[in-house]
Amino acid sequence: MDAGLLLLLQRIFDALTNSAIYASLALALVIIYRSTGLLNFAQGEMATFSAYVAFVLLVGAAPGLTGGSLAAAIGAPYPTVAAIGAAVVFGAIAGGVTERLVIRPLRETSELAVVSITIGLFLGVNSLVEQWWGTAPRQFPSLFPDAASDYLDVAGARLRYSAIGAWATLLVLLAALAWLLQRTRGGLAFRAVSFNRESAELSGIRSARTLMWGWVLASALGAVAAALSASSVLLEPKMMLRVLVYAFAAATLGGLDSPRGAIIGGVVIGLSQTLVPAYIPFIGFELSVLPALVVMVIVLVVRPAGLFGTQRLERV
Amino acid sequence: MSSPLIVVSKGDRQHRQWNTLYWGYAIALAILVPLVLQPFQIGRMNRAIVMIVAVLAVNLVVGFNGMLALGHSAFMGIGAFVTASMVQDESWDYWMIIPLVLVLGFAVGVVVGLPALRVKGLYLALVTIAQAAVFPTLVNIDELGIAERTGGPNGKKVEEEVDRQVDSLSGYFEFLPGVDGARGADAYRYWIILFITAIVVLLVRNIMRSRAGRAVLAIRDNEAGAAVYGVNLPMYKTLNFALSASLGSLAGLLWCLDKGFVAGQDFTFLLAIELIIGLVIGGVGTLQGSVLGGLFVVWVRDLTKRISIPMGFYTLDGDGPLSNAIFGLILILFTFFAPGGIASMVTAVQKRIIQVVPLTPAGDPITPLERLDPGPSSTRSAWALRLAVIGPVLLVIGWVLMNVDNLIVGVFAFLLRFAIVVLAPIVVLVAMNERLGARAGLRGENAAAVTSRATLAGVIGVLSFAYVKTFALNLALRAHHVTHLAREAVVTDGGRERPVVPLVSEAAKYKDFKGTPGEFCSSGPGGEFNDWSVDELCGISSEAIEASETPVGWWLIAWPTQSLLALVLSLASIAVTLLVGFRYFVFSNSNLEPAKAETSEREDATA
């Protein structure tokens, strides 16, 4: 195989893990946007919090680790998958509680009010994480086999197990989500409320409670994204800020109300982040965020509602 | 709702007088800032005023046009870096850069805004987030000499600060309060920034009253409706966004002017969030809101950093990551309980005190105004009593806070104590008026209650006013006395006698020294004056200084002129309050009688 082509393939493989992370967080954003029409700026930070919960459950009691003894009291250290599962459940509950406490009372007010709330949550959760667990990066155990030899040889390029694992996780989650939304009664109610809240309410659906499930699902997805992110790099309080920006770009690219668009947007953003700096020397690694955002702006100019989004029409 | 304390017709003499009073206090505060605050506090004030411009820029888009923009940190960054580069590399003067920065910001605003503003919804928010996220890395690009100009990751320092201009121009600007002595440079910057900010606020106010401004507001209120009435949506949205970007860049220029150092990490997404916080807490869509919000983000951030509450095994420490959590909490609380921000709270209070009745379409005052006057069922004496109690309570809170060893709390405490200077005369005058009214039989059945309440309020008002004024005069006179001594004093330096004043201004760099003057001389950094005998330097301290508990920094920079000016200002404030208040309240009783007669006539007519 041609060396240049091989390198390209290798780079695409390298981008896969990040793509999966962006896609899952973008999906979380899209779920909330679809149902309530708002952007959750705290999505990334809430996810980081869940990742720290997972970390505490993994480590158990340790000197200087906030909550360690509490975790030990309920049986920590847990195995990796169990700890992350518990953290995802924790994240989901926290998301639901957040919605109930601070988002629902303000749903009828202005857009800016809800955005301010999520910005306030963003600041609050972020600084709580920093306060409790410090800013130093921590080693998060890998979810998948991640030794130097753990890769699949595809035409000479190395496809790492962790990338396969990340995508497998994402696909399983997608399948579960699709099943939830398409095949269950609750999912039907959720779709009905997202489609037209008033009609849904008139046909007896309790829209407020249904919308809370949107937050629960989104927060669970975010927690998975954070666990993936932490296991692919390091666990630190600011890790999801960058990811959040990419996820916003991915969601915009795909269309803010399209789950399919979020996945494809995540892949495009992940690829552009790796490939563009590699082939355009002008853009160094420092600037890897730039191409993703330029792509986003171009898409907005050409197709304002994103690649898969619904064009909004307004009756005058 | 109880009726307001005072009813005036828009634009008449009384209204003008109240406006004069309001602006008088605003200007007096503006003048007191460089005189009373210490240099580093003036610097923080400068930062706050810069934030006012930035929050105002965000307000143009978010508040007046109803679009969500989260990327003004990048515009500020552009303005700051361009300024730093032009001053440092090209030796331009600051005033020459202002048009450049405005035009540049406008152009960038058009480029960023045009794609996002074509679509409705949150897309502008997304594009601007992207812009805010990418900006800090953009300044590090090596190509095109960008990193060289911006200083890359190390940031860029502006060596030629305004200090140079202060030296060359000080002859022209010495008349500005505070532009001399130890804090000349900071005070000089303060006046420049304040001047530009005032122009910007005025500009925005006028634009919002113009045809274009009304179009922008119409788009916010009803986009489809505005389009139907022929408003060119993309054009007005883009122009408004570009204007906002251009003001954001101007804020960046002021930032650079104030700080003399710019770095990419100062202009991150977090700064953009801080601007939004300022906007929401100050009050969305109002000019006052921007002003209050700008002051809030800087001063309250400073305050939360100083919180330190021991809670058993755990210390709640505001100077750390938690300062952000406190900010987030404040933001959430405001969104819930005061969605209109501080501005709406101020307006609510103001409405209960004074009601301005608009003119008729022909421009005449509505007559009779007295119909709006509470008349015999007046609750004024109740109000006066309330104010009379609030004043001393504020005074006590201020006094307690004054004992917290913390300068910001001190400033807050000063403001609380200042409130009584305003409240007390109003209380006294209202009480006097009510007593007169009751005696003249204008308060109907309430007369007895009104009289007793008014008497009580008046007594409390007089006592608290007298107490505060005696205290303030005493302090001012002592400061004047001590600094006068300092100016006259000489020390022996290597056999030569020389005046102490240069020494004192040098000692001003120890302004943060928290001990008493005695400690300063014996064990504090005063020992560093090796060339001069420490005993001699400190020998000038009169007994007043020695005995004083006031931190030494205060004495070192309290110049005689300033303490005198503060004295004059405080006397003037008393005079103005008395004059305006007296005029209104004494004549208002005579207003009531014809009104009563007229009302009864009208009742007769209808009957």
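Residues numbered from 1 in each chain as written. Chains lettered and ligands numbered in written order. Predicted model: local features only at pLDDT ≥ 70, side-chain atom pairs only at ≥ 80, totals over all residues.

## What about the overall build of chain B?
Across its full length, chain B holds 24 helices and eight strands. Out of the 607 residues belonging to chain B, those deemed buried represent 42%. Relative to all contacts within chain B whose residues are 6 or more apart in sequence, the contacts with residues 24 or more apart total 76%. (Helix = DSSP H or I, 4+ residues; strand = E, 2+ residues; numbered from the N terminus. Buried ≥ 20, exposed ≤ 12 C-beta atoms within 10 Å, placed from the backbone. Contact = placed C-beta atoms within 7 Å.)

## Re the overall build of chain A
Scanning chain A from N- to C-terminus turns up twelve helices and two strands. Relative to the compact-globule value of 20 Å for 316 residues, chain A shows a C-alpha radius of gyration of 20 Å, a close match. Considered along the principal axes of its C-alpha atoms, chain A spans approximately 60 × 55 × 35 Å. The proportion of buried residues among the 316 residues of chain A is 51%. In chain A, the proportion of contacts linking residues at least 24 apart, taken out of those at least 6 apart, comes to 70%. (Rg over C-alpha atoms; globule rule 2.2 N^0.38 Å.)

## Some thoughts on the interface of chain B and chain A
The interface is formed by 39 residues belonging to chain B together with 38 residues belonging to chain A. Elements represented by at least two residues in the side of chain B that touches chain A include exactly α4 (94–117), α5 (123–138), α10 (223–228), α12 (269–282) and α14 (322–337) of chain B.

## Structural notes on the nonpolar core
Ranked by internal contacts, the top residues of the largest apolar core, which has 213 residues, are Ala-26, Leu-29, Ala-51, Ala-227, Ala-247, Ala-249 and Ala-250 of chain A. The element that contributes the greatest number of residues to this core is helix α2 (residues 39–65) of chain B, accounting for 17 residues. Among residues more than four places away in sequence, those in contact with Ala-250 of chain A are Tyr-22, Ala-23, Ala-26, Ala-262, Gly-265, Gly-266 and Ile-269 of chain A. Core analysis: the second largest hydrophobic core is formed by 19 residues, Ile-426, Ala-431, Ala-454 and Ile-460 of chain B among them. (Core = buried A, V, L, I, M, F, W, Y, C linked by C-beta atoms within 7 Å.)

## Remarks on the pairing of strand β2 (residues 157–160) of chain A
Residue and element names in this part refer to chain A. The pairing of strand β1 (residues 151–154) with β2 spans four bridges and is antiparallel. What sits directly across from Asp-153, in β2, is Arg-158. What sits between the antiparallel neighbours β1 and β2 is a turn of two residues, in which Ala-155 has the positive phi angle 50 degrees. (Pairing = 2+ DSSP bridges.)

## Considering helix α1 (residues 3–36) of chain A
All names here are of chain A. Here α1 is 34 residues long and its end C-alpha atoms lie 49 Å apart, about the 50 Å a rise of 1.5 Å per residue gives. Taking the largest bend as the criterion, α1 deviates by roughly 35 degrees, centred on Leu-16. Note on α1: the residue one or two positions beyond its end, Gly-37, has a positive phi of about 70 degrees. (Expected span 1.5 Å × (residues − 1). Bend = angle between axes of the 7 residues up to and from the residue.)

## Some words on the confidence of the model for chain B
All names here are of chain B. Here chain B averages 71 in pLDDT, and 58% of its residues register 70 or above. Per-element confidence in chain B is highest for helix α11 (residues 233–259), whose mean pLDDT is 90, and lowest for helix α21 (residues 534–539), whose mean pLDDT is 41. Every residue in residues 521–562 is under pLDDT 50, and counting partners more than four places away or in other chains gives 82 contacts. Here the predicted complex carries an ipTM of 0.83, next to a pTM of 0.74. (pLDDT = per-residue confidence, 0-100.)

## So, the packing of α12 of chain B against α14 of chain B
All names here are of chain B. Contact geometry of α12 with α14 gives a least axis separation of 9 Å together with a crossing angle of 35 degrees. You can see that α12 and α14 cross each other, and the crossing is left-handed. Each of Ile-277, Val-280 and Ile-281 in α12 lies in contact with α14, whose residues at this interface are Phe-327, Ile-330, Leu-331, Phe-334 and Thr-335. For the contact of α12 with α14, a count of residues per class yields seven nonpolar, one polar and no charged. (Axes fitted to C-alpha atoms, helices over the stretch in contact; angles between N-to-C directions. Left-handed = near helix turned anticlockwise from the far one by under 90°. Nonpolar A, V, L, I, M, F, W, Y, C, P; charged D, E, K, R; others polar.)

## Topic: the packing of helix α2 (residues 43–59) of chain A against helix α9 (residues 207–232) of chain A
All names here are of chain A. Where α2 meets α9, the axes come as close as 8 Å, and the angle between the chain directions of the two elements is 65 degrees. Considering how the two elements wind past one another, α2 and α9 form a crossing that is right-handed. Contact residues: α2 offers Gln-43, Met-46, Ala-47, Thr-48, Ser-50, Ala-51 and Ala-54, while α9 offers Ala-218, Ser-219, Gly-222, Ala-223, Ala-225, Ala-226, Ala-227 and Ala-230.

## Thoughts on helix α7 (residues 185–195) of chain A
Residues and elements named next belong to chain A. Of the positions making up α7, those classed as buried are Phe-190, Val-193 and Ser-194. Each buried residue of α7 lies within a common arc of 100 degrees when the element is viewed along its axis, so the set occupies one face. Away from the buried face of α7 by more than 90 degrees, exposed residues Arg-185 and Phe-195 are located. Contact partners of the buried residues in α7: α1, α6 (161–183), α8 (197–202) and α9. (Arc of directions from axis to C-beta.)

## Considering the environment of Val-55 of chain B
All names here are of chain B. Within the secondary structure, Val-55 is located in helix α2. Note on Val-55: 33 C-beta atoms within 10 Å, which makes it buried. Residue contacts for Val-55: discarding those within four places in its chain leaves Leu-275, Gly-278, Leu-279, Gly-282, Ser-290, Gly-293 and Gly-294.

## What about the environment of Ala-338 of chain B?
Residue and element names in this part refer to chain B. Mapped onto the elements of the fold, Ala-338 is located in the loop between α14 and α15 (341–353). Overall, the presence of 16 C-beta atoms within 10 Å leaves Ala-338 in the partly exposed class. Linking Ala-338 and Ile-281, residues 57 residues apart in sequence, is a C-alpha distance of 8.3 Å. If we skip the residues at most four places from it in the chain, Ala-338 touches Ser-344 and Met-345.

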